[in-house]
Amino acid sequence: MRVSEFDVRKVGGRIGAEVVGVDVREPSDRVFAEIRAALLEHKVLGFRGQELTDADQLAFASRFGPLTGAHPTVPSVDGAPQVLPVDSASGRSNHWHTDVTFVQSPPKVSTLRSVVVPPYGGNTLIANTAAAYQDLPDVLRDFADRLWAVHTNDYDYIRPGSEGSDPEKAAAHRKAFVSRVWKTAHPVVRVHPESGERNLFIGGFAQKIVGLSDREGRAILDILESYVTRPENIFRWAWAPGDLVLFDNRITQHYAPDDYGDLPRRLHRVTVAGDVPVGVEGRRSYRVEGDDASHYTPVATAA
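Parameters and conventions
- Every chain is numbered independently, its residues counted from 1 as its sequence is written.
- Two thresholds apply to this predicted model, a pLDDT of at least 70 for residue-level local features and 80 or more for giving and counting side-chain atom pairs, whereas whole-chain, interface and lining totals are computed over all residues.
- Only hydrogens and water are set aside; all other atoms, that is, all heavy atoms of the structure, feed into the side-chain values.
- UniProt positions are given in the numbering used here, feature names are shortened, and annotations may be inferred rather than shown by experiment.
- Pairs of strands are assigned from DSSP output, requiring at least two bridges between the strands.
- Helix numbering and strand numbering both begin at the N terminus, where a helix is a DSSP run of H or I of at least 4 residues and a strand a DSSP run of E of at least 2.
- Only the stretch in contact is used when fitting a helix axis, every axis being a line fitted to C-alpha atoms; angles between N-to-C directions are given from 0 to 180 degrees.

If you look the protein up in an unreviewed UniProt entry, it shows as TauD/TfdA dioxygenase family protein from Actinomadura rugatobispora. What UniProt states about the protein under its Cofactor (unreviewed entry) heading is, verbatim, "Fe(2+)".

Structural data, given as structure tokens:
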């Protein structure tokens, strides 16, 4: 597809595109509007060879709205309180998830920038949760529309890798990660605030279904998650130095396979503040445990 003076090249039939011919450090307002429209359509955009600094990444992400802190509990990059180091030495997040859904207003957009990448493996997989919802049989879709799930950071989310992780750093990361606990009830089916698309808003932080036993809820979440992670719903990005990936955190999940041995891998993440999710019936997400996380994110009342 030709868009203005740059190209948006679809990578998969259901999700993902590569943007070619634009420098994200200096997009005009018109070009940025087209990038934003492409993100809404494709859910995830990849940019090769951008060679950004942390300041460049922050500037580009801020075009989408107010930024969050790096993380509610995990330390940021030194001197950059809005930049999260995603470092294999501290653990490997090889688990499907949507960023920071354990708070009431999770980020709406996430940006990842390659800093150190292995020569093989270490890809990022991103799934289209709206396509997953459409794949559900009618009876299961109607059932999911009425469900709510409790998301929490108090579980073993990032596991130390079998190789390459520093045990002390991994233990420190885990301690920081659960130093404050949040539990938030979100609709299992979220209505996207801009496109109106319904999608399965679950992922790794979703640990139980409201009103059901842990065992029953886990079984239902596993069934729904199996639709998210179907191969046809997944975009794969093979990292190269200087890359930037941008994805809509309101309608995707992502996963980083631990398939690069003891090699180092480091990305920098910057996220944009999001709104409070809304379900099919118009109800908004609500806190079950923990504060409003205002130290981490401003609550965006509109997309």
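**Quick look at the sheet that holds strand β13 (residues 234-237)**
Within the open sheet, the three strands sit side by side as β13-β7-β15. Their pairing is antiparallel. The strands lining the two open edges of the sheet, one partner per strand, are β13 and β15 (252-255). Geometrically, the sheet is characterised by an average inter-axis angle of 20° between neighbouring strands, direction not taken into account. Pairing between strand β7 (residues 124-128) and β13: four bridges, direction antiparallel. Looking at β13, one finds that L125 is bridged to R236.

**Digging into the sheet that holds strand β9 (residues 183-187)**
In space, the four strands of this open sheet follow the order β12-β8-β9-β17, with antiparallel pairing throughout. In this open sheet, the two edge strands, each paired with only one partner strand, are β12 (206-209) and β17 (286-289). In this sheet, neighbouring strand axes are inclined to one another by 35° on average, regardless of whether the strands run parallel or antiparallel. Sheet topology note: the strand β8 (residues 148-152)/β9 ladder contains five bridges and is antiparallel.

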